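What follows is the residue order along each chain.
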Amino acid sequence: MKKAGIVMVIGSMLLLGLFKFPLWNIMLGAPQYPDPLGMDIYIEGIKGVQEFDIQNIDGLNHYIGMKTIPEAKDMWEFQVFPMVIGAMVAIGVLIGLLGFFNKISYNWFIGWFILMSVLGILGMYDFNSWLAEYGSDLDPKAIMKLLNPDGTPMTYKPPLLGYQKMLNFDVDSWPATGAYMMFAGMMLTIIAFFIGKKEYKTN
């Protein structure tokens, strides 16, 4: 399964892009901000798209009682995610090499994909939970206390995926370069499975 093994190795190594490129991007645009404010979310922390974006977002959040955007040391995820991705890359490369030398079945390729998919779903669930807490756990002493039409306190959870109007802000939340590299890598591991299956039948 030489071809399958090579494709598996390449697919796994594409996940290394997560150490360089952002996984997710959230942009906030409003009339008073001709240049939208943005956050790039990496597996190792959150950075502003522009130099002062995080500072400006925190300034806006202060008025409505939202917490400041956490630093990497304040969230366990930013300590664990790099280790998980590193481990999955190492496992994927090992599986690819073992497949290259016909030491394992092609089913290991799809097994890696399933495990990575489960981890990805858990990661998205955790990210959405953080967004919900970030947008709803407001300081009761905030300068501005806005209410919904039914009288309940307004929350400010950014969308997990897509567009949402939030007060006078247009909020967009979409996968970034790292996520697309991860997706491409995972698709290559599926291709490796089918190539391996074909190679097995022809031997």
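Predicted model, so just to flag it, every value in this text is computed and none were measured.

Draft legend 1. How the structure looks around the layout of surface pockets. Size it by volume and the largest pocket reaches roughly 770 Å³. If you go around the largest pocket, you meet 34 residues; those closest to its centre are L23, L119, G120, G123 and M124. For the lining of the largest pocket, the secondary-structure elements that each account for two or more residues are β2 (33–42), α3 (77–100), α4 (107–136) and α5 (177–202). Looking at which element gives the most residues to the lining of the largest pocket, the answer is α4, with twelve residues. What the second largest pocket holds in volume is close to 310 Å³. Taken together, 19 residues form the lining of the second largest pocket, with L28, L60, N61, I64 and F169 sitting closest to its centre. Going through the elements one at a time, β1 (24–30), α2 (53–64) and β5 (169–175) are the ones with two or more residues in the lining of the second largest pocket. Of the residues forming the lining of the second largest pocket, the biggest block, five residues, is contributed by α2.

Draft legend 2. Structural detail: the packing of aromatic side chains. Here the structure, examined in full by the defined rule, presents eight aromatic pairs. Each ring, one from W76 and one from F81, has its centre 6.5 Å from the other, and the planes form 75°; the classification is edge-to-face. Note on W76: relative accessible area 52%, which makes it exposed. By relative accessible area, F81 is classed as partly exposed at 24%. Here a set of aromatic residues connected by ring pairs shows up, and it is made of W24, F127, W130 and Y134. Taking the ring centre of F100 as reference, the NZ or CZ of K2 above it sits at 4.4 Å.

Draft legend 3. Structural detail: the confidence of the model for the protein chain. Per-residue pLDDT for the protein chain has a mean of 93; in total, 100% of the residues score no lower than 70. Mean pLDDT across the elements of the protein chain ranges from a minimum in α2, with 91, to a maximum in α3, with 97.

Draft legend 4. Looking closely at the pairing of β5. The pairing of β1 with β5 spans six bridges and is antiparallel. When the sheet's bridge partners are listed, I26 is paired in β5 with S173. Where strand β4 (residues 162–166) lies against β5, five bridges are found, and the strand directions are antiparallel. Note that in β5 the partner of G162 across the bridge is S173. Counted along the chain from β4 to the antiparallel partner β5, the turn is two residues long, and its residue L167 has a positive phi close to 55°.

Draft legend 5. Quick peek at unusual backbone geometry. Even without being a glycine, N102 presents a positive backbone phi close to 60°. You can see N102 is positioned in the loop between α3 and α4. What makes N102 partly exposed here is its relative accessible area of 47%. Positive phi values are uncommon outside glycine, yet L167 reaches one of about 55°. Structurally, L167 can be placed in the loop between β4 and β5. L167 sits in the partly exposed class, given a relative accessible area of 41%.

Draft legend 6. View of the packing of helix α1 (residues 2–13) against α5. It is the contact of α1 with α5, at a shortest axis distance of 8 Å, that shows an interaxial angle of 170°. With respect to α5, the axis of α1 lies roughly antiparallel. Facing α1, whose interface residues are K2, K3, A4, V7, M8, I10, G11 and S12, α5 presents G185, L188, T189, I191, A192, I195, G196 and E199. Grouping the amino acids of the contact of α1 with α5 by side-chain chemistry returns eight nonpolar, five polar and three charged.

The rules behind the values
- Residues numbered from 1 in each chain as written.
- Predicted model: local features only at pLDDT ≥ 70, side-chain atom pairs only at ≥ 80, totals over all residues.
- Heavy atoms only, no water.
- 1 Å grid on protein atoms, 1.4 Å probe; cavity = no way out; pocket = protein on both sides within 12 Å on 5 of 7 lines; lining within 4 Å.
- Points joined across faces, edges and corners; volume = space filled by probe spheres on them.
- Helix = DSSP H or I, 4+ residues; strand = E, 2+ residues; numbered from the N terminus.
- Phe/Tyr/Trp six-rings, centres within 6.5 Å; stacked < 30°, edge-to-face > 60°.
- Buried < 20%, exposed > 50% of the residue type's maximum accessible area, 1.4 Å probe, protein only.
- Lys NZ or Arg CZ within 6 Å of the ring centre and 35° of its normal.
- pLDDT = per-residue confidence, 0-100.
- Pairing = 2+ DSSP bridges.
- Axes fitted to C-alpha atoms, helices over the stretch in contact; angles between N-to-C directions.
- Parallel < 35°, antiparallel > 145°, perpendicular 65-115°, else oblique.
- Contact = heavy atoms within 4.5 Å.
- Nonpolar A, V, L, I, M, F, W, Y, C, P; charged D, E, K, R; others polar.

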